[in-house]
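Residue strings, one per chain:
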2 protein chains.
Amino acid sequence: MFSDLENKIKSAIRDVPNFPKPGILFKDITPIMLDAVLMDEIAEAIVLQFKEAKIDAVAGIESRGYLFGVLIAQKLKVPFIMIRKEGKLPAKTIKQSYDLEYGTATIEVHDDAIVTNSNVLIHDDLLATGGTAVAAAKLIQQKANVVGFSFVIELAFLNGANLLQNINKNVQSLITYS
Amino acid sequence: MFSDLENKIKSAIRDVPNFPKPGILFKDITPIMLDAVLMDEIAEAIVLQFKEAKIDAVAGIESRGYLFGVLIAQKLKVPFIMIRKEGKLPAKTIKQSYDLEYGTATIEVHDDAIVTNSNVLIHDDLLATGGTAVAAAKLIQQKANVVGFSFVIELAFLNGANLLQNINKNVQSLITYS
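Quick look at the structure, then. In every chain, residue numbers begin from 1 and rise along the written sequence. As a convention, the first chain written is A and the first ligand written is 1, with the rest following in written order. Confidence filtering applies because this is a predicted model: local features only for residues at pLDDT of at least 70, side-chain atom pairs given and counted only at 80 or more, and all residues used for totals across whole chains, interfaces and linings. In computing side-chain values, all of the structure's heavy atoms are included and hydrogens and water are not.

**Overview of the pairing of strand 6 (residues 104-110) of chain B**
Residue and element names in this part refer to chain B.
Now for step 1: For each residue, the accessible area found with a 1.4 Å probe, counting protein chains only, is set against the maximum for its type, and the residue is called buried under 20%, exposed over 50%, and partly exposed in between. Helix and strand assignments follow DSSP, with helices taken as H or I runs no shorter than four residues and strands as E runs no shorter than two, numbered in order from the N terminus. Across the 7 residues that make up strand 6, a large majority, 6, are buried.
Now for step 2: Relative to strand 6, strand 4 (residues 80-85) is paired through 2 bridges, and the arrangement is antiparallel. Of the residues in strand 6, the one forming a bridge with lysine 85 is isoleucine 107.
Now for step 3: Being paired, for any two strands, means DSSP has found at least two bridges between them. Alignment of strand 5 (residues 93-99) against strand 6, held across 7 bridges, turns out to be antiparallel.

See below:
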């Protein structure tokens, strides 16, 4: 669908071996941010992926989900909802905990940032196992609807999309590593 | 200069008492992010504040500095440099430590994200004591020049701007609390 763009993104992404721990090949998106034209093309392409969806707000997951999340929200002219790690949002929040490899984590959103029964697109830079995105979806679903999931990169071999499709079939990424 | 805009921003900001600790009145910018028009107006106004500056890149401080930092970089069509907390950037970094009230903190940037001798605008959402912004400036100055500092909010009673003006006189905020 966006084969030229896919090639540009793949060329920009840097593989970093053994980060954050031995055996992991980390996909580093930070070089993308140094190319202003590519950044805009990515945000445009994501908007196009969801052109059939009714999106009332974009929720970005801290902190790399803010990078394109804000740009997508601006292009759609809709609110940007900040999903943050626990303890960082000052006003009344709703929370969602989820399991990590060791222990649990909690994410939060301001209660009044989510309009009841509105349609929210969840965005993050990368889909791995899907654990964080599922938690983000459950968080949003405490008050509203999840209309889809947007990622720049999908690590398809971790099967995260399968989990997300149980929530909403509209799971989109711009590039996939299988 | 932007008095209508100032009023809109001040109306959107939420005061949260006793966050993150007793006695602090926290200025919460998250409601701004729910107003797509206001977000764009803020980014436009910041670009206008620096229209005389030669800006090669915008550096945003994790994570609220990403929100408008990305928008400003996109409007200027220049790279966005991610300044992160220690340990989050996967490739070769340069680091800068700074003192906190108790202990120290370290911020990092990818070494190859900064072009040698380029002119970098540092952005964060809020200027308080200036400690983090000074550290960000020292980090950038390891390779490049700081052409100015941009904030949405300045807490003038903490005198952070004085510290920053020793580095570059061009310290701008959109709204000030005195």
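**Focus on helix 3 (residues 65-76) of chain A**
All names here are of chain A.
Now for step 1: Look at helix 3: 16 Å from first C-alpha to last across 12 residues, which is about the 16 Å you get at 1.5 Å a residue.
Now for step 2: Of all 12 residues that make up helix 3, 10 are buried, and the element is covered over most of its length.
Now for step 3: Listed as buried for helix 3 are Gly65, Tyr66, Leu67, Phe68, Gly69, Val70, Leu71, Ile72, Ala73 and Gln74.
Now for step 4: A positive backbone phi angle near 55 degrees is found at lysine 77, which sits one or two residues after helix 3. Take the number of residues in a helix, subtract one, and multiply by 1.5 Å to get its expected span.

**Quick look at the sheet that holds strand 3 (residues 57-61) of chain B**
All names here are of chain B.
Now for step 1: Spatially, 7 strands are ordered 5-6-4-3-7-8-9 in an open sheet, and the strand pairing comes out mixed. The sheet is open, and its two borders are formed by strand 5 and strand 9 (171-177), each paired with just one other strand. Across the sheet, the axes of successive neighbouring strands diverge by a mean angle of 20 degrees, strand direction being ignored.
Now for step 2: Relative to strand 8 (residues 145-155), strand 7 (residues 119-127) runs parallel, the two being bridged by 8 bridges. From the neighbouring strand, leucine 126 faces strand 8, where its bridge partner is isoleucine 153. All axes here are fitted lines through C-alpha atoms, helices being fitted over the stretch that makes contact, and every angle between N-to-C directions spans 0 to 180 degrees.

**Overview of the sheet that holds strand 8 (residues 145-155) of chain A**
Residue and element names in this part refer to chain A.
Now for step 1: Spatially, 5-6-4-3-7-8-9 is the arrangement adopted by the 7 strands of the open sheet, whose pairing is mixed. Edge positions in the open sheet fall to strand 5 (93-99) and strand 9 (171-177), since each of these has one partner strand only. This sheet shows a mean twist of 20 degrees between the axes of neighbouring strands, independent of strand direction.
Now for step 2: One ladder, built from 4 bridges, connects strand 3 (residues 57-61) with strand 4 (residues 80-85); its direction is parallel.

**So, the relation of the copies chain A and chain B**
Now for step 1: Only residues with pLDDT of at least 70 in both copies contribute their C-alpha atoms to the least-squares superposition of the copies. Between chain A and chain B, the superposition needs a rotation of 180 degrees and an axial shift of 0.0 Å, giving an RMSD of 0.0 Å. Such a combination of turn and shift is consistent with a two-fold rotation axis. When each C-alpha of chain A is compared by its distance to the rotation axis, serine 63 of chain A comes out closest, at 2.8 Å.
Now for step 2: By definition in these notes, contact holds between two residues if any of their heavy atoms fall within 4.5 Å. When you check the interface residues of chain A against chain B, 100% turn up at the interface there too, and the contact is symmetric in its surfaces.

**Let's talk about the packing of aromatic side chains**
Now for step 1: Two rings belonging to Phe, Tyr or Trp (six-membered ring only in the last case) form a pair when the distance between their centres is within 6.5 Å. Interplanar angles under 30 degrees mark stacking, angles over 60 mark edge-to-face geometry, and anything in between is tilted. Considering all chains together, one arrives at 4 aromatic pairs over all chains under this definition.
Now for step 2: A ring pair is formed by phenylalanine 19 of chain B and phenylalanine 26 of chain B, whose centres lie 5.1 Å apart and whose planes are at 80 degrees; its orientation type is edge-to-face.
Now for step 3: Owing to a relative accessible area of 14%, phenylalanine 26 of chain B belongs among the buried residues under this scheme.
Now for step 4: A ring is considered to have a charge above it if a Lys NZ or an Arg CZ atom is located within 6 Å of its centre and within 35 degrees of its normal. Between the NZ or CZ atom of lysine 10 of chain A and the centre of the ring of tyrosine 177 of chain A, over which it lies, the distance is 5.0 Å.

**A word on the packing of helix 1 (residues 3-12) of chain B against helix 2 (residues 36-49) of chain B**
All names here are of chain B.
Now for step 1: Direction vectors running N to C along helix 1 and helix 2 enclose 130 degrees, while the axes themselves pass 11 Å from each other. What the angle tells us is that helix 1 and helix 2 run oblique. Our pair here, helix 1 against helix 2, has a crossing hand that is left-handed. When helix 1 is examined against helix 2, the residues Leu5, Lys8, Ile9 and Ala12 are found in contact with a partner set consisting of Leu38, Glu41, Ile42 and Ala45.
Now for step 2: Class assignment for the residues of the contact of helix 1 with helix 2 results in 6 nonpolar, no polar and 2 charged. For classification, angles of less than 35 degrees are called roughly parallel, those exceeding 145 degrees roughly antiparallel, those between 65 and 115 degrees roughly perpendicular, and all remaining angles oblique. Left-handed describes a crossing whose near helix is turned anticlockwise from the far helix by less than a right angle; the clockwise case is right-handed. Residue polarity is assigned by list, with Asp, Glu, Lys and Arg as charged and Ala, Val, Leu, Ile, Met, Phe, Trp, Tyr, Cys and Pro as nonpolar; anything else, Gly included, falls into the polar class.

**As for the side chain of glutamate 154 of chain A**
Residues and elements named next belong to chain A.
Now for step 1: Summarising the element assignment, glutamate 154 is placed in strand 8.
Now for step 2: Neither His nor the chain ends is counted toward charge; the positive residues are Lys and Arg and the negative residues Asp and Glu. In what follows, salt bridge is the name for a side-chain nitrogen of Lys or Arg lying within 4 Å of a carboxyl oxygen of Asp or Glu. Despite its burial, glutamate 154 pairs with no opposite charge, the nearest such side chain being lysine 10 at 11 Å.
Now for step 3: Sequence-distant contacts of glutamate 154, defined by excluding residues within four places in its chain, comprise Leu127, Ala161, Ser173, Ile175, Thr176 and Tyr177.

Such coordinate-based values are descriptive only and should not be taken to indicate function.
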